[in-house]
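Here are the chains, one letter per residue:
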Amino acid sequence: MEVVQVLCMKGGNGDTSYAKNSLLQKKVISLTKAIIEETVTNLCCNNFPTSLCIADLGCSSGPNTFFAVLEVVSTVDKVGKKMGHRLPEIQVFLNDLPGNDFNTIFKSLPKFQKDLQKTTGAVAESCFITGVPGSFYTRLFPRKSLHFVHSSYGLQWLSQVPPGLESNKGNIYMASSSPPSVLKAYYEQFQSDFSMFLRCRSEELVEGGSMVLTFLGRRSDDPSSKECCYIWELLAVALNDMVTEGRIEEGKMDSFNIPQYTPSQGEVKCEIDKEGSFTVNGVEVSEVNWNAYEGELCPSDAHKDGGHNVAMLMRAVSEPLLVSHFGDGIIEEVFSRYKTIVADRMSKETTEFINVTVSMTKRG
């Protein structure tokens, strides 16, 4: 499986699309609002720019894409007004892999421009939007061209499925039953990928430029702990049941692994320190309920079912990967079973995603 070719959130605006099932990711961005504001404020207060280049890496599609951008631009505007400056011209680069639904992003540009004018009073010509397809584990921009980089829930995705996972039979990710060699392979792939990411961004950011990165992560030192792996273990239960019933070939199941690593804050900071180009300003750990509609006004009766909400979230995230490996004939049944399994687990225990957010500045 060539991850660069098949990894993307489900496009469009249909009922099972990422655009319609990404409230949880929006909540995560909201949780990091304070650290984004602090980082952007420090960046602009030191030397308020006449023009600003920012990049959102792993932008996906749907309403969250411009939600994050508007947060950054609004902060620049607030800082500028306090200092007696107008909003500078801002170049915004929206990056994701080539399979991302960039068309949906561009169709929502008029709404962003209206929101921008309402929030800052700025006209559309003050903010220029460009789509940049490509892997953020490679160089994407000219040297010393960026002032600020944001990424939320992108960097837990790896550039490839780690080699050497043949012994991870019956699992689709790291799990409590995975042998130590599998955990080691995943960690080494994360180390290689994140260090490459840092090297690329160190070339592209100006001195004093900043990044705020949010990972789906974990608090535990154990990379196979339930807090980061359970969500995939339950999907593996649904797939294995279909193997037992002859609906999925066992060999197909055993050769499928999710290209993801959910790091601890210590692992994130360790790689930043080893690479050496950045000073860490702060690291925060937060959590969000699996069910994004917990405590929210539900848009339909279906959304009152936590199992439904989590299954739709995970389908929007993983369907393209599953279809590329198993075909699309199993999707409806897999997620119908998954919904039931997840609902049962959620009724018996607390289920949360852990987020690791780090702010850093490029050294001079």
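In the block above lies the structure referred to throughout.
The notes below deal with the structure included here. Model, not experiment: these values are computed from the prediction.

This part is about the overall build of the protein. When its secondary structure is counted, the protein shows twelve helices and seven strands. Taken over the C-alpha trace, the protein has a radius of gyration of 20 Å; the compact-globule value for 364 residues is 21 Å, and the two agree within 12%. With the C-alpha coordinates of the protein rotated into their principal frame, the extents come out at 70 × 45 × 35 Å. A burial count over the protein gives 57% of its 364 residues as buried. Relative to all contacts within the protein whose residues are 6 or more apart in sequence, the contacts with residues 24 or more apart total 84%.

Turning next to the nonpolar core. Phe-194 and Phe-197 are the most contacted members of the largest nonpolar core, which has 76 residues in total. Discounting chain neighbours no more than four positions away, the residues touching Phe-194 are Tyr-137, Leu-155, Leu-213, Phe-215, Val-268, Glu-271 and Ile-272. One finds Ile-36, Leu-52, Ile-90 and Phe-102 within the second-largest nonpolar core, a separate group that totals 28 residues.

All right, on to the sheet that holds strand β2 (residues 89–96) then. The strands making up a sheet are joined through hydrogen bonds of the backbone, oriented either antiparallel or parallel. With mixed pairing, the seven strands of this open sheet are ordered in space as β3-β2-β1-β4-β5-β7-β6. The sheet terminates laterally at β3 (127–133) and β6 (278–289), the two strands that pair on one side only. Between one strand axis and the next, the sheet turns through 15° on average, direction left out of account. Bridge count for strand β1 (residues 51–57) against β2 is seven bridges, and the pairing is parallel. Directly across from Asp-56, in β2, lies its bridge partner Leu-94. Those strands touched by helix α3 (residues 33–46) are β4 (146–152), β5 (205–217), β6 and β7 (352–362), and its axis lies near 175° from that of β5.

Here we come to the pattern of salt bridges. This model, assessed by the stated rule, comprises 20 salt bridges. Taking the shortest distance from any N to any O, the salt bridge between Arg-143 and Glu-203 comes out at 2.9 Å. One end of the pair, Arg-143, is in the loop between β3 and β4; the other, Glu-203, is in helix α7 (residues 180–204), and 60 residues separate them in sequence. Given the relative accessible area of 31%, Glu-203 is considered partly exposed. Across the pair Arg-247 and Glu-333 runs a salt bridge whose closest N-O atoms are separated by 2.5 Å. Highlighted residues: Arg-247 in the loop between α8 (226–244) and α9 (250–254) and Glu-333 in helix α12 (residues 331–346), separated in sequence by 86 residues. A residue is classified by how much of its surface remains accessible, and Arg-247, at 46% relative accessible area, is partly exposed. Among the charged side chains, a network of salt bridges with common partners joins Lys-226, Asp-344, Arg-345, Lys-348 and Glu-349.

Time to look at unusual backbone geometry. Although it is not a glycine, Lys-144 adopts a positive phi angle of roughly 50°. By secondary structure assignment, the location of Lys-144 is in the loop between β3 and β4. Even without glycine at this site, Tyr-153 takes up a positive phi of about 60°. Within the fold, Tyr-153 resides in the loop between β4 and α7.

Attention now goes to the side chain of Gln-156. Checked against the element boundaries, Gln-156 lands in the loop between β4 and α7. Among the polar contacts listed, one links the side chain of Gln-156 to the backbone oxygen of Tyr-153, at a separation of 3.1 Å.

Cut-offs and rules
For every chain, the first residue of the written sequence is number 1, and numbering continues from 1 along that sequence. In keeping with the model being predicted, local features are shown solely for residues with a pLDDT of at least 70 and side-chain atom pairs are shown and tallied solely at 80 or more, while totals for entire chains, interfaces and linings include all residues. Heavy atoms throughout the structure, all of them, feed into the side-chain values; hydrogens and water do not. A run of DSSP states H or I qualifies as a helix once it reaches four residues; a run of E qualifies as a strand once it reaches two. Both are numbered from the N-terminal end. Only C-alpha atoms enter the radius of gyration; for comparison, a globular chain is expected to reach 2.2 Å times N to the power 0.38, where N is the number of residues. A simple rule labels every residue: compare its accessible area, found with a 1.4 Å probe on the protein chains alone, to the largest value its type can have, and call it buried under 20%, exposed over 50%, or partly exposed in between. Residues are treated as being in contact if the distance between any of their heavy atoms lies within 4.5 Å. Here the nonpolar core consists of buried residues drawn from Ala, Val, Leu, Ile, Met, Phe, Trp, Tyr and Cys, with membership extended through side-chain atoms lying within 4.5 Å. By definition, two strands form a pair when at least two bridges between them are found by DSSP. A fitted line through C-alpha atoms represents every axis, and for helices the fit uses only the stretch in contact; the resulting angles, taken between N-to-C directions, go from 0 to 180 degrees. Salt-bridge detection follows one rule: a side-chain nitrogen of Lys or Arg within 4 Å of a carboxyl oxygen of Asp or Glu. Whenever two N or O atoms come within 3.5 Å, that pair is a polar contact, provided that in protein one can donate a hydrogen and the other can accept it, and provided that, for residues adjacent in sequence, both atoms are side-chain atoms.

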